[in-house]
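Chain and residue survey
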Amino acid sequence: MKKILILAGTTEGRMLSDKMESAGIKHIVSVTSEYGETMMGEGENRTLKVGKMDENAMTCFLEKEGFEEGDYLVDATHPFAKEASLNAKNVAAKMKLSYLRVVRDSVEIPDSDSVLVYDSMENCAEALKDINEPIILTTGSKGLEEYAGRVSKETLSNTYVRVIPSIESFEKCKAAGIDESHIVALQGPFSLELNKALLSQYKIRHLVTKESGKAGGFAEKLKAASECGATIHVISRPEETEGMGLAETERILLSEFANDNLGEIILAGVGMGDRLSMTREVEEAIKSADVIFGAGRLLEGIQAEYKFDKYLADDVMGILRQHPEFRKAVVLFSGDSGFYSGARKFNIKVNSDFKGKVTVLPGVSSVAYLASRLGVSYDDAFIYSLHGRFSKETLNEALWNIRYSEKSFILFSGASDVSALATEMNNRGITGEITLGINLSSASEEIVKLSVEAAMDFNEMGSIIGYVHNMKAEKRPLIPFFRDDDFIRDKTPMTKEVIRHESIRRLGICEGDMIYDIGGGTGSVAIEMAGLHPTVKVVTIEVKDDRADIIRQNAAKHHMDNLQVITGDACEVLRREDMPKPDAVFIGGSGGKLKEIMDVLSGKGSGIRFVINAVTIETIMEVEEVLNKLEPRNLRAIQIGVNNLENIGRYHMFRAENPVVIYSFEL
């Protein structure tokens, strides 16, 4: 594996090493002093080399460490450390190393009479040599000797020096004749406020600084001096004809060394939008991230150098692959990341091909917020989302649960969802109140209580969540069933009540099952199955148009939006590409094509549960022939004969129905 030596001692060098450390990349960092060692700190992937190195010493060190052609020598020394950069460049050329020079971002020097520019410390000192006003040098300890040798004793006595708190710095200040009371030993970076405080404290009229760039706090010095009325003396930076910024250097090294599956993605719930509802943990994640992703409205007000209006997994991963320097990414999701959030789908998608660290941070959900505003508990409430997933199926599922729940919280995409829910509640005879939380936690927050009838005409814009209070919630039946007279029948044959219930029981229907009902008739079996749970999807196939119309009438009567009616020949319909493998199949009528129907269904895969009803001897024989061919599992058969009590004048007698054989099995 290739090796890396970073010549540091600057903010850029420390940041670059920290990036390599977090990415798990082994590297060596060279600092010139024990103070630099302390500032750099220890790391599992970082080895420190302390002490100055000239060209010869650097060559010997690299050879000892096994550096070879193509290994990396990264020069992140100070812009004014010309000799160090020259040594590094010569060593890299001699050993055929890949030399990367990190160039500090510049800050424009204002064109002002109060800003004077010099090409060296010597020239700056000449200009200041007879100044009899307080001066502060923020150039460190390296140029003190040149400064002290050119200014008058009176000027030197008026000079304050800001240096790093190290023994070497103190010794240089003492050698230059700086009074101890004029030594300001502080470690940067320095804020605008701190710069202004120092200038005010010592009544500074002249500030001397190097053109140290953004990382060196140059802009803060300029602004502080300007606001305090001090003259600014700038020693210009040596011109550099080659090099690159810190971000580009990171990109090159990470592309070369970082495993594509390393790094961290944080999926963060930001609450409802207002920054006050964001958790401290999420705020800290945003501050420490290399890049932020999220919908545009969530990115508003987020301070980050790199942020993208993207939140789908493929889009985010595409950008991260293009920018290996982004080692810590935060993806923002509204509300709570664990509550009907896009974070769930994102997490599933990313974990299939990303082996780095994925962290999910919760946020405050709109349900918790609205419940607190209303003083309502939600531990016993039905909670559901129509946001971004509205359809007749999801609406049906929401209404099915609202019917049986006193308290329901529903997330909406907008006013049209509210109107549709209220309209269908009214159609199904579900009474109650709907309280809407609009733009919660924002300055335009509004909480509106409406009747079902008023909510049908709701058209207000905004981010909306609803609380439905059903004061007449029905008890959920443990064994739901329909009676024969619940169905529109006309002269259409119908699977009778007792046979229907026993047939459905033997199908073993579960939540979320896809069921085919072949030979729909009146739709009594299909509707009974669809009514078990709103997540059950039933497709009933009926060859005759008039019977299919009756099924549709019965489905509308009982609000079975999870039932689909298809008119056509069962074999032809089942062969269509849009007819996937079902979980269960009920066959109440095959029109003499049972063998062909079973051939098509058995070709869709294993694990399908079947129930077949047979009345005639011919159908029973046909079923037996099919079963002998298919060799089903868990085969059971039962014959049921039903006698119903009827009134005949003033007498009562039992009238027999045709006996039915019910076959149940699995393929």
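Here goes a summary of the coordinates provided.

1. What to know about the overall build of the protein chain
- Along the protein chain, the regular secondary structure elements total 25 helices and 30 strands.
- Here the protein chain has a C-alpha radius of gyration of 39 Å; the compact-globule value for 667 residues is 26 Å, and the former is much larger.
- Viewed in the frame of its principal axes, the protein chain has a C-alpha envelope of about 135 × 60 × 35 Å.
- Taking all 667 residues of the protein chain together, the buried fraction comes to 47%.
- Restricting the contact set of the protein chain to residue pairs at least 6 apart, pairs at least 24 apart contribute 70%.
- Taken as a whole, the protein chain presents about 33300 Å² of accessible surface, with 48% of it coming from carbon and sulfur.

2. Let's talk about the nonpolar core
- Core analysis: the largest hydrophobic core is formed by 30 residues, its most contacted members being Ile518, Leu574 and Met598.
- Of all the secondary structure elements, the ones that give two or more residues to this core are strand S22 (514-518), strand S23 (537-542), helix H23 (570-574), strand S25 (584-587), helix H24 (594-602), strand S26 (609-614), helix H25 (617-630) and strand S30 (660-666).
- Membership of the second largest hydrophobic core comes to 27 residues, among which are Ile504, Ala548, Val642 and Ile662.

3. Focus on unusual backbone geometry
- One non-glycine residue, lysine 96, lies in the positive phi region at around 60°.
- With respect to the helices and strands, the residue lysine 96 is situated in the loop between helix H4 (82-95) and strand S5 (98-101).
- The exposure class of lysine 96 is exposed, given its relative accessible area of 54%.
- At asparagine 634, a position not held by glycine, the phi torsion is positive, near 50°.

4. A few points about the sheet that holds strand S15 (residues 328-333)
- Taken together, 5 strands build an open sheet; the order of strands is S14-S13-S15-S12-S16 and the sheet is parallel. Edge positions in the sheet fall to strand S14 (307-308) and strand S16 (357-361), since each of these pairs with one other strand and no more.
- Looking at chain direction, strand S13 (residues 291-293) and S15 are connected through 3 bridges and run parallel. Paired with valine 291 across the two strands is alanine 329, which belongs to S15.

5. A few points about the environment of asparagine 401
- Structurally, asparagine 401 can be placed in helix H17 (residues 392-403).
- Exposure remark for asparagine 401: the relative accessible area of 11% places this residue in the buried category.
- Note: C-alpha distance between asparagine 401 and isoleucine 383 (18 residues apart in sequence) is 9.2 Å.
- With sequence-adjacent residues up to four places away left out, asparagine 401 is seen in contact with Phe382, Arg476 and Pro534.
- Side-chain polar atoms of asparagine 401 contact the backbone oxygen of glutamate 397, separated by 2.9 Å.

6. Some points on the packing of aromatic side chains
- For the structure shown, the criterion picks out 13 aromatic pairs.
- Aromatic side chains tyrosine 160 and tyrosine 202 sit 4.5 Å apart centroid to centroid with 35° between the ring planes, which places their arrangement in the tilted category. Linking tyrosine 160 in strand S8 (residues 159-163) with tyrosine 202 in the loop between helix H9 (192-201) and strand S10 (206-210), this pair joins segments that are 42 residues apart in sequence.
- For tyrosine 160, a relative accessible area of 13% puts it in the buried group.
- Residue classification places tyrosine 202 among the partly exposed positions, given a relative accessible area of 24%.

7. Quick notes on helix H1 (residues 11-22)
- End to end, H1 covers 16 Å across 12 residues, agreeing with the expected 16 Å (1.5 Å per residue, within 8%).
- Three or more residues of H1 are buried, namely Glu12, Gly13, Leu16, Ser17, Lys19, Met20 and Glu21.
- Among the structural elements, strand S1 (4-7), strand S2 (27-31), helix H2 (34-40), strand S3 (46-50), strand S4 (72-75) and helix H11 (246-257) are those in contact with the buried residues of H1.

8. Some thoughts on the pattern of salt bridges
- Applying the stated criterion across every chain, the model contains 31 salt bridges.
- Aspartate 290 is paired through a salt bridge with lysine 19; the nearest N and O atoms lie 2.6 Å apart. Taken together, the residues span a long stretch of sequence, with aspartate 290 in the loop between helix H12 (280-288) and S13 and lysine 19 in helix H1 at a distance of 271 residues.
- Among the residues examined, lysine 19 registers a relative accessible area of 9% and is labelled buried.
- Two residues, aspartate 578 and arginine 576, come together in a salt bridge whose shortest N-O distance is 3.0 Å.
- With relative accessibility at 34%, the residue arginine 576 sits in the partly exposed group.
- Through salt bridges with shared partners, a single ionic network connects Lys196, Lys223 and Glu227.

9. Remarks on the packing of H17 against helix H18 (residues 415-427)
- Contact pair H17 / H18: the axes reach a minimum separation of 11 Å and the direction vectors enclose 55°. Relative to H18, the element H17 is oriented oblique. Along this stretch, H17 crosses H18, giving a crossing that reads as right-handed. Residues Leu395, Leu399 and Ile402 of H17 pack against Ala420, Leu421, Glu424 and Met425 of H18.

10. Here's the deal with the sheet that holds S30
- An order of S24-S23-S22-S25-S26-S30-S27 is seen for the 7 strands of this open sheet, with the pairing classed as mixed. Each end of this open sheet is capped by a strand with a single partner; those strands are strand S24 (563-567) and strand S27 (633-640). Neighbour-to-neighbour, the strand axes of this sheet turn through a mean angle of 15°, independent of strand direction.
- The sheet strands contacting helix H22 (residues 545-557) are S23 and S24, and the helix crosses S24 at an angle near 170°.
- On the sheet, H25 packs against S26, S27 and S30 and is oriented at approximately 15° with respect to S30.

So, how was this worked out
- Residues numbered from 1 in each chain as written.
- Predicted model: local features only at pLDDT ≥ 70, side-chain atom pairs only at ≥ 80, totals over all residues.
- Heavy atoms only, no water.
- Helix = DSSP H or I, 4+ residues; strand = E, 2+ residues; numbered from the N terminus.
- Rg over C-alpha atoms; globule rule 2.2 N^0.38 Å.
- Buried < 20%, exposed > 50% of the residue type's maximum accessible area, 1.4 Å probe, protein only.
- Contact = heavy atoms within 4.5 Å.
- Areas by Shrake-Rupley, 256 points an atom, 1.4 Å probe, with all protein chains shown as cover.
- Core = buried A, V, L, I, M, F, W, Y, C linked by side-chain atoms within 4.5 Å.
- Pairing = 2+ DSSP bridges.
- Polar contact = N/O pair within 3.5 Å; in protein donor to acceptor, adjacent residues only side chain to side chain.
- Phe/Tyr/Trp six-rings, centres within 6.5 Å; stacked < 30°, edge-to-face > 60°.
- Expected span 1.5 Å × (residues − 1).
- Salt bridge = Lys/Arg side-chain N within 4 Å of Asp/Glu carboxyl O.
- Axes fitted to C-alpha atoms, helices over the stretch in contact; angles between N-to-C directions.
- Parallel < 35°, antiparallel > 145°, perpendicular 65-115°, else oblique.
- Left-handed = near helix turned anticlockwise from the far one by under 90°.

These figures capture arrangement, not role.
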